[in-house]
Amino acid sequence: MTEPEPPACTVEKKCSSAGRLCAPDDRVCQSEAVASGLEVTCERLEPRGYVYCPPGAQQRDSGVVWILLAVALAIAAFGSIAAYFLLRKRLTR
């Protein structure tokens, strides 16, 4: 029985349309991927092959990270404004 492949080892999840999936015996595909400056990001078990991506493609931030950052900044801004008004009210008493 073969080990299940990690779900992130696909061209779509790793590097979308910029990447390539090459079979282990497809030397033409591998040569074209290397000539295009792509690197092996992971090895697929089923179907057997290698996922080639641009260097650093798997390190790009997803949209979710930016949304979470915006939410965190909004919470921090709201907290700062609330603290300002609460402290100002206390100091004027």
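Just above, that's the structure.
Residues numbered from 1 in each chain as written. Predicted model: local features only at pLDDT ≥ 70, side-chain atom pairs only at ≥ 80, totals over all residues. Heavy atoms only, no water.

Chemist: Help me get a handle on the nonpolar core, residues and values and all.
Modeler: Core analysis: the largest hydrophobic core is formed by six residues, namely Cys9, Val11, Cys15, Cys42, Val51 and Cys53. Filtering out sequence-adjacent residues up to four positions away, valine 51 remains in contact with Cys9, Thr10, Val11, Arg20, Leu21, Glu39, Val40, Thr41, Cys42 and Arg44. Of all hydrophobic cores here, the second largest spans five residues; its members include Cys22, Ala33, Leu38 and Tyr52. (Core = buried A, V, L, I, M, F, W, Y, C linked by side-chain atoms within 4.5 Å. Buried < 20%, exposed > 50% of the residue type's maximum accessible area, 1.4 Å probe, protein only. Contact = heavy atoms within 4.5 Å.)

Chemist: A description of the pairing of strand S2 (residues 39-44) should follow, citing residues and the corresponding values.
Modeler: Along a regular strand, successive side chains alternate from one face of the sheet to the other. Taken together, the five bridges between S2 and strand S3 (residues 49-53) define a ladder with antiparallel strand orientation. Bridge pairing in S3 links arginine 44 to glycine 49. Between S2 and S3, which pair antiparallel one after the other, the connecting turn spans four residues. (Pairing = 2+ DSSP bridges. Helix = DSSP H or I, 4+ residues; strand = E, 2+ residues; numbered from the N terminus.)

Chemist: Describe the side chain of glutamine 30, with residues and values.
Modeler: By secondary structure assignment, the location of glutamine 30 is in helix H2 (residues 27-35). For glutamine 30, the residues in contact, after removing those within four places along its chain, are Cys22, Ala23, Pro24, Asp25, Tyr50 and Tyr52.

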